[in-house]
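Geometric and topological summary
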Amino acid sequence: MPQLTLNNMLKKACDNSETLTRNELKFLLELENENDLQQLYCAAYSVKEKYIGKRVFLRGLIEFSNICTKDCYYCGIRKSNSKVDRFQLSMDEIISEARWTYEQNYGSLVLQSGERSDASFIDFVEEAVTKIKELSKGELGITLALGEQTKETYQRWRKAGAHRYLLRIESSTKNVYETIHPNDELHSFEQRANALKLIQECGFQTGTGVLIGFPNQTIDNLVDDVLFFKNIDIDMIGMGPYIAHHQTPMALAMDEMMGTFDEYKEHQLKLGLKMIAVCRLFLKDINIASTTALQALAPNGRELGLLAGGNVIMPNVTATEVRPSYTLYENKPGLDENCQSSRQALENSIHNIGEEICYGIWGDSAHFFERTK
Ligand code: 5AD
């Protein structure tokens, strides 16, 4: 490869004349110098501005249950963590949070929970989706983030009115995926990858994402993740830096790897921002969430994510009382915040970085309409 300068590489990425090569993606993900990083974020921001504008789409996030059948090594609500108080919101509680989201004019919401696929869970979700559609006269857009299901289940939920689905692949490299999950049928890489296909086949706008910066993950793995997003023609990305949770097996490995807590936070934040920027440069017109995990690493993490090319924010609208039980990782922000006051704070901070919140719209992925034209 001829040695392009960073400038040329970014120009090429912004022009859309040619796509970035594997080596170039790697080069960008390996940038460390602060000036270089600012150039990267700025270039990604200009691509976002071109395809989406200086606009932010909101999804109110309802984390309605932490009951989970899975045992992922990194996750605080894994099945084996007996220290977690398990909860499931009632239908009425979900509906009241959805109504609040609708009244705030957020435009969309996400229903997220631990992974279950038993019949009563499937029925419950179908009913919740139907009721949310009813209460909002069809106006609230619904995204589901409820894990691997059968095609029939995806079809039922799609029919009930959900139109976007987020299923993180967590790592797109099979042997890496297998190091961060138990080795059994419930945690099969092939099944997860196939579930993404089923979601697309059922007509959902489809999102995926990965954990960024867990122990033993390499930059090459992250490059493969970015190429995977392109390969499967994804419409949306929700990904975030790995953050240790000390009641999990992975956290122990993390302790040995990292220096001080501040260095670790800075490193993870930077890697998360680089991934957003590179995905924006490479994939252009998709929706990219600036996730809560960024905010766990820096108070203005989500704003930094927007400035690096993200365009979606998912404010937590779950009842404050149950939030501590949905601790996927330590230091998860917003545990004691109130939806109303955080709405105002979010509005101000987005305004301060020169962006505008788009109220009252679904904020769909432009890429989905291109892909299905
Ligand atoms: N750090 C960061 N993200 C995590 N998730 C689970 N555990 C962690 C962690 N320790 C993410 C997973 C999952 C999403 C709901 O939360 O990627 O898909």
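A brief look at the structure comes next. All of these numbers come straight from a predicted model, not from anything done at the bench. (Residues numbered from 1 in each chain as written. Predicted model: local features only at pLDDT ≥ 70, side-chain atom pairs only at ≥ 80, totals over all residues. Heavy atoms only, no water.)

Describing the sheet that holds strand β1 (residues 55-58)
Keep this limit in mind: Here a strand pair is declared whenever DSSP counts at least two bridges between the two strands. Only DSSP runs of H or I covering at least 4 residues are called helices, and only runs of E covering at least 2 are called strands; the numbering of each starts at the N terminus. Here, residues are in contact when the closest pair of their heavy atoms is within 4.5 Å. Lines fitted to C-alpha atoms define the axes here, with helix axes fitted over just the stretch in contact, and angles between the N-to-C directions of these axes take values from 0 to 180 degrees.
Strand order in the open sheet made by the three strands is β11-β1-β12, with parallel pairing throughout. Pairing within the sheet leaves two strands with one partner each, and these edge strands are β11 (312-313) and β12 (356-358). Across the sheet, helix α14 (residues 339-352) is in contact with β1, β11 and β12; its angle to β12 comes to roughly 125 degrees.

Details of the packing of helix α3 (residues 34-51) against helix α11 (residues 261-283)
Rule in force here: Note on terminology: angles under 35 degrees are roughly parallel, angles over 145 are roughly antiparallel, angles of 65 to 115 are roughly perpendicular, and the others are oblique. We call a crossing left-handed when the near helix sits turned anticlockwise from the far one by less than a right angle, and right-handed when that turn is clockwise. Polarity classes work like this: nonpolar for Ala, Val, Leu, Ile, Met, Phe, Trp, Tyr, Cys and Pro, charged for Asp, Glu, Lys and Arg, and polar for all others, with Gly in that last group.
It is the contact of α3 with α11, at a shortest axis distance of 8 Å, that shows an interaxial angle of 40 degrees. Our classification of the angle between α3 and α11 gives oblique. Taken as a pair, α3 and α11 cross one another with a handedness that is left-handed. In this structure, α3 contributes Leu37, Leu40, Tyr41, Ala43, Ala44, Val47 and Lys48 to the contact, and α11 contributes Lys270, Leu273, Lys274, Ala277, Val278, Arg280 and Leu281. Of the residues belonging to the contact of α3 with α11, the class tally is 10 nonpolar, no polar and four charged.

Some remarks on the environment of leucine 6
We count it as follows: Only protein chains enter the accessibility calculation, which uses a 1.4 Å probe; a residue whose area is less than 20% of its type maximum is buried, one above 50% is exposed, and one in between is partly exposed.
Within the secondary structure layout, leucine 6 lies in helix α1 (residues 6-15). Look at leucine 6 and you get buried, because its relative accessible area is 10%. Between the C-alpha atoms of leucine 6 and glutamine 39, which are 33 residues apart in sequence, the distance is 8.5 Å. Excluding residues that lie within four positions of it along the chain, leucine 6 makes contacts with Phe27, Leu28, Leu31, Asp36 and Gln39.

Describing the pattern of salt bridges
Spelled out, the test is: Salt bridges are defined as contacts in which a side-chain nitrogen from Lys or Arg sits within 4 Å of a carboxyl oxygen from Asp or Glu.
Applying the stated criterion across every chain, the model contains 27 salt bridges. Measuring nitrogen to oxygen at the nearest pair gives 2.7 Å for the salt bridge that ties arginine 22 to aspartate 224. Of this pair, arginine 22 sits in helix α2 (residues 22-29) while aspartate 224 sits in helix α9 (residues 219-231); the two residues are 202 residues apart in sequence, bridging distant segments of the chain. Of the charged contacts, one joins lysine 131 and glutamate 127 as a salt bridge, the two residues approaching to 2.7 Å between their closest N and O atoms. With lysine 131 and glutamate 127 both in helix α5 (residues 119-135) and four residues apart, the pair spans about one turn of that helix. The class for lysine 131 is partly exposed, based on a relative accessible area of 33%. The exposure class of glutamate 127 is partly exposed, given its relative accessible area of 36%.

Considering the environment of valine 110
Tracing the chain through its elements places valine 110 in strand β3 (residues 108-113). Placed 70 residues apart in sequence, valine 110 and isoleucine 180 show a C-alpha to C-alpha distance of 25 Å. Setting aside anything within four residues of it in sequence, one finds valine 110 in contact with Arg59, Gly60, Leu61, Ile62, Thr143, Ala145 and Met314.

Thoughts on the site of the ligand
We apply this condition: Any residue with a heavy atom positioned within 4 Å of a molecule or strand is treated as near that molecule or strand. Whenever two N or O atoms come within 3.5 Å, that pair is a polar contact, provided that in protein one can donate a hydrogen and the other can accept it, and provided that, for residues adjacent in sequence, both atoms are side-chain atoms.
Taken together, Tyr74, Cys75, Gln112, Arg168, Glu170, Leu211, Pro241, Tyr242, Ile243, Leu328 and Tyr329 make up the full set of residues near the ligand. Interatomic distance of 2.7 Å between a side-chain N/O atom of arginine 168 and an oxygen atom of the ligand. The separation between an oxygen atom of the ligand and a polar side-chain atom of glutamate 170 is 2.6 Å. Looking at the shell around the ligand residue by residue, the classes come out as eight nonpolar, one polar and two charged.

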